[in-house]
Amino acid sequence: MKEENKKYADEAYAIVEHAANEIGSRLPGSDGERKFHDYMAGKLSEIGIKPVKEEFAVSPRGSIGGIPYAGWAGVIIALTSYVARAIPQIWIPLAAFSLLTIIWLVWDVFFYHTTFDMFFKQEISRNTWGELVPEDGKYDYTIVLSGHSDTSWNWKHSEHSYKYRDKPVLGLVTTYAKVGFGAVCFFVSAFYAIFEAVFYLALNVFNAEWALKAYYVIQNGAEQCAMYGITSKFAPVYSTISAIMLILGAVCAFGCFFVTMWCDADEKNASRGAMDNATGIALAYETLKYFKENPEKLPKGCRIVDLNCGSEEAGLRGSMAFAQEHKNDEMLKNCWNLNIDSIADKEYFEVVVKDDWQGCRFDTDLEQMFKDSFAELGIESKTNGCIHNPVGGCDSTPMTRAGVKSVTFAAQNPILTNYYHTWRDVPQRFEVETVGTGFDVLLSVIDKIAAFQEVNGYNGPQK
């Protein structure tokens, strides 16, 4: 951390402490999230920046937060399969329920769409932003510094791995083992219900020859049926799967309970969000404040926007709402977005260049600027300064899709840890120095954006 920037690093860390210790958990659409937005709006007002609040509806349990529902669905499917063996008509609604749950999981939970949000309880979340324009009021491009204000539900399995904090590999294995086992159990139960429903429909509705033969062989025995020239390749397959699931049904019901435990519904146990992402909120604000207090250092023709995004943990809903709200106005014209998400782990400074699940590659010009800044500041990283986001998504995706040049800047161990999305995400865990280094990086990248604009102008997202 540069000594001349220590003031801003200390102030950023103080914001982190207030968010985590005084406000605490800030689940999407919660009172805690609103309190943090009010707090940051007050900070903007203190330095003469008018805060703008934009509300939007969010269904916190419609996406990531609803994963426990999939677990309960798996329990219901697995146990009801025993009833369906005696009353086969039940396979039809059970299969429909299984298929609908899978579609919701893939479409809304994995890919962050909003199709099923209407079926879940809604809350009101918000985005809060403020802008700093040059003294003459004229600007050619905008740099949006964004971070998300909300925190995640407590991930029980991750938090339980704390007892293995001195053996991180063992903690990682036990966490993934429980979640992986539960996920497999859900899909086995769901696909078995669909398998049985297909056979029932083929036999009783469509009178398919293959199903009729299979049923006859199953009821009368393969040897006796062969005497009359009736054979079925499907019959032994069906009998084997049915026999296996007679035992695995109970096992799957038990396994699905691990999925029900994934996100703790109790708000008091939710993540306190020091790293993820009070650090991003604080650094975005302090960067804007830096240029407010040092107007001579504000790049020529540059507008700086401090954006506090709500409900990122509910599936990027805040950045989606912001991109939608401003897609046709001047806010996103010639716009660069430095999305800041979790600056705490000093050995893992990195630029996130892609959301793999979302299929969104971020801007390569900004990627190089961050890498160059890491090198110039002597930052060494165990991730070599660059990662893909393998699971979920970050706020750069909606911005990139809106035509904004964006990447996500982080300093976070990318391997699942006992403090990621758990109540153990507290400021005492990391140092002011790390936050200050993040501040230095942002100033360096903004200088590089200014130089790029001077030579190339705005060239849009480069992939």
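Everything numeric in this text was worked out from a predicted model, so none of it was measured.

J.: Explanation requested: a nonpolar patch on the surface in the structure shown.
T.: There is a patch of nonpolar side chains on the surface, built from Leu99, Ile103, Val106, Trp107, Phe111, Trp357 and Val391 and spanning about 590 Å² of accessible area. As for its placement among the helices and strands, Trp357 is situated in the loop between β8 (349-355) and β9 (360-361). Its relative accessible area of 33% is what places Trp357 among the partly exposed residues.

J.: What is the right way to read the pairing of strand β11 (residues 405-411) from this model?
T.: Consecutive residues of a regular strand have side chains that alternate between opposite faces of the sheet. Burial of β11 is extensive: seven of the seven residues sit out of reach of the surface. The side-chain alternation of β11 yields two buried faces, one formed by Lys405, Val407, Phe409 and Ala411 and the other by Ser406, Thr408 and Ala410. Sheet analysis places β8 next to β11, joined by four bridges and oriented antiparallel. Within β11, the residue paired with Val352 across the bridge is Thr408.

J.: Explain the packing of helix α1 (residues 6-23) against helix α14 (residues 432-456) to me, please; I cannot follow it from the model alone.
T.: To characterise two packed helices, one gives the angle between the axes of the helices and the distance between these axes. One way to put it is that α1 packs onto α14 with a least axis distance of 8 Å and a crossing angle of 120°. For the pair α1 and α14, the sense of crossing is right-handed. Residue-level contacts link Tyr8, Ala9, Asp10, Ala12 and Tyr13 of α1 to Val432, Val435, Gly436 and Phe439 of α14. Looking at the contact of α1 with α14 residue by residue, the classes come out as seven nonpolar, one polar and one charged.

J.: Quick question: what am I supposed to make of the nonpolar core here?
T.: Burial of nonpolar side chains together is a common tendency in soluble globular proteins. By size, the foremost hydrophobic cluster in this structure holds 65 residues, and its most contacted members are Ile143, Leu145, Ile304, Leu338, Phe370, Phe409 and Ile449. Looking at this core, the element that brings in the most residues is helix α10 (residues 274-293), giving 11 residues. Beyond its immediate chain neighbours, meaning those up to four positions away, Leu338 contacts Ile143, Val144, Leu145, Ser146, Leu366, Phe370, Val407, Leu442, Val445, Ile446 and Ile449.

J.: Mind showing me how you'd approach the pattern of salt bridges here?
T.: Oppositely charged side chains can pair when the atoms bearing their charge come close. Tallying each qualifying case throughout the model produces 21 salt bridges. Between Lys6 and Asp10 there is a salt bridge; the shortest N-O distance is 2.8 Å. Taken together, the residues span about one helical turn, with Lys6 and Asp10 both in helix α1 at a distance of four residues. By relative accessible area, Asp10 is classed as partly exposed at 32%. Here Lys289 ties to Glu11 by a salt bridge, and the two come within 2.9 Å at their closest N and O atoms. Residue Lys289 is located in helix α10, and its partner Glu11 is located in helix α1; the two are separated by 278 residues in the primary sequence. Looking at Glu11, the relative accessible area reads 24%, which means it is partly exposed. Overlapping salt bridges, with partners in common, bring together Lys7, Glu11, Lys289 and Glu293 in one network.

J.: What am I meant to see in the environment of Arg34 here?
T.: With respect to the helices and strands, the residue Arg34 is situated in helix α2 (residues 31-46). Relative accessible area serves as the criterion here: at 26%, Arg34 is assigned to the partly exposed category. Between the C-alpha atom of Arg34 and that of Ser125, which follows or precedes it by 91 residues, the distance is 7.4 Å. Not counting residues within four places of it along the chain, the set of residues in contact with Arg34 comprises Gly29, Ile124 and Arg126. Polar side-chain contacts of Arg34 include one of 2.4 Å to the side chain of Asp31.

J.: Explain the packing of aromatic side chains to me, please; I cannot follow it from the model alone.
T.: The relation between two aromatic rings is expressed through the spacing of the ring centres and the mutual angle of the planes. Taken as a whole and assessed by the stated rule, the structure comprises 33 aromatic pairs. Relative to Phe120, the ring of Trp104 lies with its centre 5.7 Å away and its plane at 25°, an arrangement referred to as stacked. With a gap of 16 residues between them, Trp104 in helix α4 (residues 91-110) and Phe120 in the loop between α4 and β2 (123-132) connect regions that are remote in the sequence. There is no split in this pair, since Trp104 and Phe120 are both buried. Aromatic pair Phe195 and Tyr238: ring centres 5.9 Å apart, planes at 25°, arrangement stacked. Remark: Tyr238 occurs in helix α9 (residues 234-260) and Phe195 occurs in helix α6 (residues 168-204); sequence separation between them is 43 residues. Exposure remark for Phe195: the relative accessible area of 23% places this residue in the partly exposed category. Through successive ring pairs, a cluster of aromatic residues spans Trp91, Tyr192, Phe195, Phe199, Trp210, Phe234 and Tyr238.

J.: What exactly am I supposed to notice about the side chain of Asn154 here?
T.: Residue placement: Asn154 occurs in strand β4 (residues 154-155). Judged by relative accessible area, Asn154 falls into the buried class, the value being 4%. Leaving out residues up to four positions away in the same chain, Asn154 has contacts with Glu159, Trp262, Cys263, Asp264, Asn269, Ala270, Ser271, His421, Thr422 and Trp423.

J.: Just checking my understanding: could you explain the packing of helix α3 (residues 67-86) against α6 for this structure?
T.: Taken N-terminus to C-terminus, the directions of α3 and α6 make an angle of 40°; their axes are 9 Å apart at the nearest point. Classified by the angle between their axes, α3 and α6 sit oblique to one another. The element α3 and its partner α6 pack so that their crossing is left-handed. Contacts between α3 and α6 pair Ala70, Ala73, Gly74, Ile77, Ala78, Ser81 and Arg85 from the former with Phe186, Ser189, Ala190, Tyr192 and Ala193 from the latter.

Parameters and conventions
- Residues numbered from 1 in each chain as written.
- Predicted model: local features only at pLDDT ≥ 70, side-chain atom pairs only at ≥ 80, totals over all residues.
- Heavy atoms only, no water.
- Patch = residues over 30% accessible without salt bridge, like charges linked within 9 Å, V, L, I, M, F, W, Y side chains within 5 Å.
- Areas by Shrake-Rupley, 256 points an atom, 1.4 Å probe, with all protein chains shown as cover.
- Salt bridge = Lys/Arg side-chain N within 4 Å of Asp/Glu carboxyl O.
- Helix = DSSP H or I, 4+ residues; strand = E, 2+ residues; numbered from the N terminus.
- Buried < 20%, exposed > 50% of the residue type's maximum accessible area, 1.4 Å probe, protein only.
- Pairing = 2+ DSSP bridges.
- Axes fitted to C-alpha atoms, helices over the stretch in contact; angles between N-to-C directions.
- Left-handed = near helix turned anticlockwise from the far one by under 90°.
- Contact = heavy atoms within 4.5 Å.
- Nonpolar A, V, L, I, M, F, W, Y, C, P; charged D, E, K, R; others polar.
- Core = buried A, V, L, I, M, F, W, Y, C linked by side-chain atoms within 4.5 Å.
- Polar contact = N/O pair within 3.5 Å; in protein donor to acceptor, adjacent residues only side chain to side chain.
- Phe/Tyr/Trp six-rings, centres within 6.5 Å; stacked < 30°, edge-to-face > 60°.
- Parallel < 35°, antiparallel > 145°, perpendicular 65-115°, else oblique.

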